[in-house]
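Residues per chain, in single letters:
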Amino acid sequence: MSFTTQKNFEPAPRRWALRGDLLDFTAAPAWGEVASAAVRFDRDHWLLIEDGRIVGRQAHEPDASWVRKDHAGQLVLPGFIDTHVHCPQLEVIGSYGTELLDWLERYTFPSECAFADPARSRAGAEVFLDALLASGTTAAVVFATVHKVSAEALFQGAMARGMRLITGKVLMDRHAPDGLRDDVTRAERDCVDLIQRFHCQGRLSYAVTVRFAPTSTPEQLAMAGALCRADASLYMQTHVAENRAEVEWVARLFPEARSYLDVYERVGLVHERAVLAHGIWLDAQDKVLIAERGAQVAHCPSSNLFLGSGLFDWSAAPFNVSLASDVGGGTSLSLPRNMGDAYKVQALRGQRLTAWTALHAATRGAAEALQLGHEIGGLSAGQAADLCVWDWAQGPVAAARDAAARELHERVFAWMTLADERNLAACYVAGRQRV
Ligand SMILES: [Zn+2]
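Residues numbered from 1 in each chain as written. Predicted model: local features only at pLDDT ≥ 70, side-chain atom pairs only at ≥ 80, totals over all residues. Heavy atoms only, no water.

In the annotation of an unreviewed UniProt entry, the entry for the chain reads Guanine deaminase, and the organism field reads Pelomonas margarita. Turning to the chain, the UniProt annotation filed under Sequence similarities (unreviewed entry) states: "Belongs to the metallo-dependent hydrolases superfamily. ATZ/TRZ family." The UniProt entry for the chain carries this comment under Function (unreviewed entry): "Catalyzes the hydrolytic deamination of guanine, producing xanthine and ammonia." (UniProt positions renumbered as here; feature names shortened; annotations may be inferred.)

Here it is, written out as structure tokens:
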């Protein structure tokens with residue numbers, strides 16, 4: 001398998017303008033609403049970019065002081081934000097025949113062991129970050145491995161590409177094989193060092209990264225909570241209530257906790273910068289708590305279907321929901337592919353997911369939930385010029401479908417259902433072309 005490697009594009013001009021069909025959101029679209037006032041669609045407009053930031057949009061062609069890039073007839077979206085994905089799992093994507101817990105043992109943990117080697121961590125981070133960009137994802141919340149060097153490699157790779165990246169070294173001090181366990185003291189030391197060196201450096205943020213409750217001792221969970229309490233600007237990422245066998249295991253390991261989520265809540269890990277992956281088997285009390293804390297659930301539809309984990313209840317969620325690939329449990333880094341899967345998950349629940357809710361969860365919705373709405377997720381003046389240009393259709397089937405679309409939602413929904421990374425025409429990060 002090979003991915004697009006970084007090409008050396010021309011340095012970005014200081015002032016440039018991009019022509020295309022501009023689509024983003026000014027608010028959260030209501031569930032099920034096909035004609036939504038939250039959608040901002042400017043067909044055949046120019047987006048103005050200066051020093052890596054968006055400075056305006058207009059219908060008429062800008063004057064000759066702007067370098068012009070003409071993408072007329074193509075779709076321009078904010079770069080996608082993947083809120084839950086594992087760098088070291090590219091090599092186990094599409095692994096046969098397991099559910100979550102045996103999938104971890106049989107495929108994931110052996111693959112993650114190799115990241116103890118700094119050269120493997122660096123090479124893995126490079127391939128992973130280039131693959132994200134080649135999929136139209138310009139910002140991500142990423143799991144490294146337990147090894148400090150794997151988080152370093154991701155931070156350094158993202159810095160070199162100018163990407164908005166949130167990651168951290170994985171905490172796991174039990175129920176994992178040799179070579180994948182840390183201990184409380186060493187883990188704390190590694191976290192503090194990584195936070196000092198990378199957190200809030202450029203577009204990087206640190207996430208206190210608990211793999212999931214079963215692989216951390218109560219002492220390690222308490223340490224993770226203390227790190228979050230000491231610095232409210234830190235993110236937290238973990239998994240919760242993905243699979244029924246996992247939920248039962250957590251109940252046996254933590255008999256004092258009211259629920260799986262309560263294991264995290266007791267130590268202060270559920271806060272407004274917490275990204276909780278999956279959340280399929282949460283009860284009503286847990287859902288209210290996530291909303292009260294201002295945390296978000298990263299919905300991972302392709303992973304949930306592939307591992308047979310369950311059908312996420314999106315329509316009734318009282319909390320923020322963002323969209324995530326969860327590769328390697330998920331089967332594609334492409335967020336359009338994951339949007340298509342998200343529609344199918346809701347269809348199995350008797351619900352209908354609009355293209356607007358799906359697209360919003362991968363752009364503005366994720367940005368707001370991460371408290372980064374000022375920087376990413378939209379095409380407004382002041383935001384970073386993290387942009388992707390997409391072909392409305394690739395191939396004769398999609399072209400025929402696109403030509404038959406009568407109104408905007410129909411057209412974007414067909415695009416979301418049929419598109420993948422092959423539709424990506426160009427990807428810009430902070431105004432600089434990367435794909
Ligand atoms: Zn995951």
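Having put the structure on the table, let's press on.
What follows is about the environment of Val67. With respect to the element layout, Val67 can be found in strand β4 (residues 67-78). Note on Val67: relative accessible area 39%, which makes it partly exposed. Sequence separation between Val67 and Leu18 is 49 residues, and the spatial gap between their C-alpha atoms is 8.7 Å. (Helix = DSSP H or I, 4+ residues; strand = E, 2+ residues; numbered from the N terminus. Buried < 20%, exposed > 50% of the residue type's maximum accessible area, 1.4 Å probe, protein only.)

For a metal with four tetrahedral donors the ideal donor-metal-donor angle is 109.5 degrees, whereas six octahedral donors ideally subtend 90 or 180 degrees. Those donors, His84 (NE2), His86 (NE2), His239 (NE2) and Asp326 (OD), are the protein atoms that reach the zinc ion, and they lie 2.1 to 2.3 Å from it. Because the angles between the four donor atoms bound to the zinc ion fall within 89 to 169°, the donor set is best described as irregular. Donor residues binding the zinc ion come from one chain and are separated in sequence as H-x1-H-x152-H-x86-D. Here the residue His86 occupies a position in strand β5 (residues 80-86), and His239 occupies one in strand β10 (residues 235-240), the gap between them amounting to 153 residues. (Donors = N, O, S within 2.8 Å, 3.2 Å for Na, K, Ca; no water. Tetrahedral: all angles 85-135°; square planar, octahedral: opposite > 155°, others 65-115°.)

Below, the discussion takes up the pattern of salt bridges. Where charged atoms from two side chains of opposite charge approach closely, those side chains can pair. On inspection of all chains with the given rule, the structure shows 32 salt bridges. Here Asp130 and Arg161 are joined by a salt bridge, their closest N and O atoms 2.8 Å apart. In this pair, Asp130 sits in helix α2 (residues 118-134) while Arg161 sits in helix α3 (residues 148-161), placing the two residues 31 residues apart along the sequence. According to the relative accessible area criterion, Asp130 is buried, its value standing at 8%. Of the residues examined, Arg161 reaches a relative accessible area of 4% and is grouped as buried. For the salt bridge of Asp286 with Arg258, the shortest nitrogen-to-oxygen distance reads 2.9 Å. (Salt bridge = Lys/Arg side-chain N within 4 Å of Asp/Glu carboxyl O.)

Turning to helix α8 (residues 284-293), a few remarks are in order. Inspection of α8 places Asp286, Lys287, Leu289 and Ile290 among the buried residues, and these make up the whole buried set. Considered in projection along α8, the buried side chains sweep an arc of 160° and stay on one side of the axis. Looking at α8, the residues exposed on the side facing more than 90 degrees away from the buried face are Ala284 and Glu292. Considering only its buried residues, α8 is in contact with α7 (260-265), β11 (274-278) and β12 (296-299). Measuring from the backbone nitrogen of Gln285 back to the side-chain oxygen at the start of α8 gives 3.2 Å, which picks out Asp283 as the cap. Following α8 by one or two positions, Gly294 adopts a phi angle in the positive range, close to 75°. (Arc of directions from axis to C-beta. Contact = heavy atoms within 4.5 Å. Polar contact = N/O pair within 3.5 Å; in protein donor to acceptor, adjacent residues only side chain to side chain.)

To continue, consider the UniProt feature "domain: Amidohydrolase-related" (unreviewed entry) in the chain. UniProt tags residues 75-432 as "domain: Amidohydrolase-related" (unreviewed entry). Helix makes up 43% of residues 75-432 and strand 17%, whereas the separation of the span's terminal C-alpha atoms amounts to 18 Å.

Of the volumes computed, that of the largest pocket is approximately 340 Å³. As for the largest pocket, its lining consists of 17 residues, and the residues nearest its centre are Ala28, Trp314, Asn320, Val321 and His360. When contributions to the lining of the largest pocket are tallied by element, the ones reaching two or more residues are β13 (320-323), α11 (355-362) and α12 (364-369). The element contributing the most residues to the lining of the largest pocket is α12, with four residues. Residues of the lining of the largest pocket, tallied by class, amount to ten nonpolar, five polar and two charged. (1 Å grid on protein atoms, 1.4 Å probe; cavity = no way out; pocket = protein on both sides within 12 Å on 5 of 7 lines; lining within 4 Å. Points joined across faces, edges and corners; volume = space filled by probe spheres on them. Nonpolar A, V, L, I, M, F, W, Y, C, P; charged D, E, K, R; others polar.)

Contact pair helix α4 (residues 184-198) / helix α5 (residues 218-230): the axes reach a minimum separation of 10 Å and the direction vectors enclose 20°. Between α4 and α5, the angle is such that the two are roughly parallel. Considering how the two elements wind past one another, α4 and α5 form a crossing that is right-handed. Residues Val184, Ala187, Glu188, Cys191 and Val192 of α4 pack against Glu219, Gln220, Met223 and Leu227 of α5. Among the residues making up the contact of α4 with α5, the classes are represented as six nonpolar, one polar and two charged. (Axes fitted to C-alpha atoms, helices over the stretch in contact; angles between N-to-C directions. Parallel < 35°, antiparallel > 145°, perpendicular 65-115°, else oblique. Left-handed = near helix turned anticlockwise from the far one by under 90°.)

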